[in-house]
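Results of the structural survey
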Amino acid sequence: MFLGTLYAWLSEAEVDLETMGVFSLIGLAYAFQFIWSPLVDKVNIPGLRKLGKRKQWIAPMQLSLGIILVTLSLLEPKTQLGWFSLLAGIGALASATQDIAINAWRIDVADEEATLDMLSTIYQMGFRLASLFGGALGLIIAARIGWPETYMIFGASVLLIGFAGLFAPDSDRDRAKTANTSEDEIEELYAVGEVRADVRRKFLWMVVGLWVWALTILGIFMVRALGGFVPMMGALDLGLFALDLNWLLGMFPLNESGRPDPTEFTAKMGPMIIAATIVIPAAIAGMLHRRQASGQDVIVAGETATRASGAVDHLYRALLAPLVEFVGRIGWPLILILSLVLTYRICDAIWGTFAYPFYLGELNYTNDEVAFASKFFGVGAIIAGLALGGYMLTVLGRMLTLTLGALLAALTNLLYADMAVGGANMQTASDLLGFTWLIGTLAPFGSDALPRLTFTIMFENLAIGIAGAAYIAWLSSIVSKKYAAVQYALLSSLTLLVGTLGRGALGEMIEDQGYFDVFVLTTLIGLFAVVLCLAEWYRQSRMGTDDVQASPSL
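Thresholds applied
Residues numbered from 1 in each chain as written. Predicted model: local features only at pLDDT ≥ 70, side-chain atom pairs only at ≥ 80, totals over all residues. Heavy atoms only, no water. Helix = DSSP H or I, 4+ residues; strand = E, 2+ residues; numbered from the N terminus. Buried < 20%, exposed > 50% of the residue type's maximum accessible area, 1.4 Å probe, protein only. Areas by Shrake-Rupley, 256 points an atom, 1.4 Å probe, with all protein chains shown as cover. Axes fitted to C-alpha atoms, helices over the stretch in contact; angles between N-to-C directions. Parallel < 35°, antiparallel > 145°, perpendicular 65-115°, else oblique. Contact = heavy atoms within 4.5 Å. Nonpolar A, V, L, I, M, F, W, Y, C, P; charged D, E, K, R; others polar. Salt bridge = Lys/Arg side-chain N within 4 Å of Asp/Glu carboxyl O. Phe/Tyr/Trp six-rings, centres within 6.5 Å; stacked < 30°, edge-to-face > 60°. Lys NZ or Arg CZ within 6 Å of the ring centre and 35° of its normal. Lys, Arg positive; Asp, Glu negative; His and termini not counted. Core = buried A, V, L, I, M, F, W, Y, C linked by side-chain atoms within 4.5 Å. Patch = residues over 30% accessible without salt bridge, like charges linked within 9 Å, V, L, I, M, F, W, Y side chains within 5 Å. 1 Å grid on protein atoms, 1.4 Å probe; cavity = no way out; pocket = protein on both sides within 12 Å on 5 of 7 lines; lining within 4 Å. Points joined across faces, edges and corners; volume = space filled by probe spheres on them.

Across its full length, the protein chain carries 26 helices and zero strands. Split into buried and exposed, the 554 residues of the protein chain put 51% on the buried side. Split by element, the accessible area of the protein chain, about 24900 Å² in all, is 67% carbon and sulfur.

What follows deals with the packing of helix 18 (residues 367-396) against helix 19 (residues 398-420). Between helix 18 and helix 19, the least distance of the axes is 7 Å, while the angle of their chain directions is 135°. When the axes of helix 18 and helix 19 are compared, the pair comes out oblique. Contacts from Gly389, Met392, Leu393 and Leu396 in helix 18 reach Arg398, Leu400, Thr401 and Leu404 in helix 19.

Our focus in this paragraph is the packing of helix 21 (residues 435-442) against helix 22 (residues 450-478). The packing of two helices is summarised by the inter-axis angle and the distance between the axes. Closest axis-to-axis distance for the helix 21/helix 22 pair is 9 Å, and the angle between their directions is 105°. Judged on the interaxial angle alone, helix 22 and helix 21 are roughly perpendicular. Between helix 21, through Phe435, Thr436 and Ile439, and helix 22, the contact on the second element is made entirely by Leu450, Pro451, Thr454, Phe455 and Met458. When grouped by side-chain class, the residues that make up the contact of helix 21 with helix 22 number six nonpolar, two polar and no charged.

Moving on: the pattern of salt bridges. Taken as a whole, this structure holds six salt bridges when the rule is applied. Salt-bridge contacts for Arg144 lead to Asp368; the nearest nitrogen and oxygen are separated by 3.0 Å. Of this pair, Arg144 sits in helix 7 (residues 116-145) while Asp368 is found in helix 18, placing the two residues 224 residues apart along the sequence. Between Asp297 and Arg196 there is a salt bridge; the shortest N-O distance is 3.4 Å. Here Arg196 lies in the loop between helix 9 (175-188) and helix 10 (197-226) and Asp297 lies in the loop between helix 13 (262-294) and helix 14 (310-330), a separation of 101 residues in the sequence. Beyond isolated ion pairs, a larger network of salt bridges with shared partners links Arg196, Asp198, Arg291 and Asp297.

The next point concerns the environment of Leu491. Counting through the fold element by element, Leu491 comes out in helix 23 (residues 484-494). A C-alpha to C-alpha distance of 8.1 Å links Leu491 and Leu338, two positions 153 residues apart in sequence. With residues up to four places along the chain from it excluded, the contact list for Leu491 reads Phe326, Leu338, Val341, Tyr471, Leu475, Ile478 and Val479.

Attention now goes to the packing of aromatic side chains. Overall, the coordinates contain 18 aromatic pairs when judged by the stated rule. Measuring from ring centre to ring centre gives 6.2 Å for Tyr515 and Phe519, while their planes differ by 25°; the resulting arrangement is stacked. Taken together, the residues span about one helical turn, with Tyr515 and Phe519 both in helix 26 (residues 515-543) at a distance of four residues. Each of the two residues, Tyr515 as well as Phe519, counts as buried. Site record: aromatic cluster; members linked through ring pairs are Phe358, Tyr359, Tyr416, Tyr515 and Phe519. In this structure, Arg200 is placed above the aromatic ring of Tyr316, and the distance from its NZ or CZ to the ring centre is 5.3 Å. For Lys202, the ring lying beneath its charged end belongs to Phe203, and the centroid distance is 5.3 Å.

Looking now at the side chain of Ser430. With respect to the helices and strands, Ser430 occurs in helix 20 (residues 424-432). For Ser430, a relative accessible area of 0% gives the class buried. Sequence-distant contacts of Ser430, that is, excluding residues within four places in its chain, are made with Phe435, Thr436, Pro451 and Phe455.

Our next topic: helix 15 (residues 334-343). Counting buried positions along helix 15 gives eight out of 10 residues, so the element sits mostly inside the fold. For helix 15, the complete set of buried residues consists of Leu334, Leu336, Ile337, Leu338, Leu340, Val341, Leu342 and Thr343.

What follows covers the side chain of Arg452. Among the structural elements, Arg452 can be located in helix 22. Buried Arg452, no salt bridge; nearest opposite-charge side chain is Asp418, N-O distance 7.1 Å. Once you skip the residues sitting within four places of it in the chain, Arg452 turns out to touch Tyr365, Met419, Gly422, Gly423, Met426 and Gln427.

This part takes up the nonpolar core. Counting residues in hydrophobic clusters, the biggest one holds 138 residues, and the most contacted among them are Phe32, Leu320, Tyr359, Leu402 and Trp474. Once residues lying within four places of it in the same chain are set aside, the contact partners of Leu402 are Leu340, Tyr344, Ala470, Tyr471, Trp474 and Cys533.

Here we take up the environment of Met1. For Met1, the position within the fold is in the segment before helix 1 (5-12). In this structure Met1 comes out as partly exposed when scored by relative accessible area, which is 22%. Once the C-alpha coordinates of Met1 and Phe154 are considered, the two residues, 153 residues apart in sequence, prove to be 8.7 Å apart.

The next point concerns the environment of Met392. Mapped onto the secondary structure, Met392 falls in helix 18. For Met392, a relative accessible area of 12% gives the class buried. Residues Met392 and Ile466, 74 residues apart in the sequence, show an inter-C-alpha distance of 8.2 Å. Not counting the four nearest positions on each side in its chain, Met392 is found in contact with Gly397, Thr401, Leu404 and Ile466.

There is a patch of nonpolar side chains on the surface, built from Leu407, Leu411, Leu414, Val421, Phe516, Val520, Leu524 and Leu527 and spanning about 620 Å² of accessible area. Secondary structure elements with two or more residues in the nonpolar patch: helix 19 and helix 26. Ranked by residues supplied to the nonpolar patch, first place goes to helix 26 with four residues. With respect to the helices and strands, the residue Leu414 is situated in helix 19.

In this structure, Asn364 is a non-glycine residue whose phi angle is positive, near 65°. For Asn364, the position within the fold is in the loop between helix 17 (355-362) and helix 18.

A few words now on empty space enclosed by the protein. What the rule picks out here adds up to four cavities of 30 Å³ or more. A volume near 230 Å³ is recorded for the largest cavity. Lining the largest cavity are 19 residues, with Phe34, Trp211, Leu319, Leu323 and Leu490 sitting closest to its centre. Classifying every residue of the lining of the largest cavity by side-chain character gives 16 nonpolar, three polar and no charged. Put simply, the second largest cavity is a space of about 70 Å³. Breaking the lining of the second largest cavity down by element, the ones donating at least two residues are helix 16 (346-351), helix 19 and helix 26. The element that contributes the greatest number of residues to the lining of the second largest cavity is helix 19, accounting for four residues. A breakdown of the residues in the lining of the second largest cavity according to their chemical character gives seven nonpolar, three polar and two charged.

Given below as structure tokens:
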């Protein structure tokens, strides 16, 4: 409702693609959720703790999401885009925060009867059903009663389901046991051979400062790009801070529409943001590991270690310690792994934002046709792809499946390139395979062009399912069991980073050059990920771990 269906509403409201590309940066909430995940894990919300350790976060986020959806239904996206984008951004933050809490909740409540595997499967089924309801059903309802009424209905539904969720079980771990475990983890930081507290603190604040800088730059860019709030910010009389703010607001050159140029921002600031959030923190973690390995700035026997504050220790343990372990264990091949993480799903991450504008605006399909092809038929294709990917993992091994998944996902962009120039090849293939007859039977309401769209989406979603199954297995295989939750959350969040940053530039490229060139470009990006898969396969084959399956506990 915030990152998919919403763009169909924006398309109908005639919001330009460049604006939608910038608008989609609210998806960075999911890419950076690892930053505040320790907060969700450690902090209790006053007055809500009695709901349970996890539900104290799940419930207010659900309430916020329902209220925001209802409020969006009262706004007009084209004339009130500033407030529209602000609310959607807050909604994305609430949704990403709820994801953190729900993932922790299903791990906490798992037992012998409701196993973790079972709960994880139900979670994935819920995700796909949400896509079906929020996507397909949303499009169908909107075609009949309009978008504001549709968002009003879904907002009320979210509030109702949130109330029912208050009665869900909550496995609240014993507080004393949790406290003792936490203290034991902190004590490990002051063992002989560990890096001294003052050195850890210095490096920790460097990483925190880099993350805060990146988030600030992205926030200011979105405000300027979407408009509506710049006059309010400029009117603030905050002395030196106001001067600094004005300097930051002037960092981004404006394009002909009077907004920051997304392409120039992505080209200049994108690499700096990636460096600030990934490259430099990884280098800092490497420096800490090297100091400890060489015995530099470490606690020695007989020394009374100077302690940092409890908050600093917990922050280090939550944010930097997992990265230090990961960098220390992987070493220089970490560059290859991070490159693969950043590019493997980039085609999906970039393209998803512009799918509805392409189907509805460029190809002129109806809401019902898009709902049938991309949701009803498309969701089934993804599930089939996941099943096929799981089978391939057992037969072909992890790295071969990972590489084939990347190749298939890249090549399916060429199917869309054909659709962008009329879809003649897709129509011919659909006719030869009898697919046109099948879709005509299943969806008699559709036009003669519906089979080729459904045919294209089917193959893309099959590829996505195969690639997704292999990618999850690979990610699970490279994290440490000790830090599995944090390292997996970090890597899965980074999967979305480059694609999300590139959407603004891609929207402008579509405006200037059309969809065909964009699909060719995303194909080339996908093929680069294939090369990285081959390099990672070679690395693992030298280690003798290329076909080791992921741990069942992960």
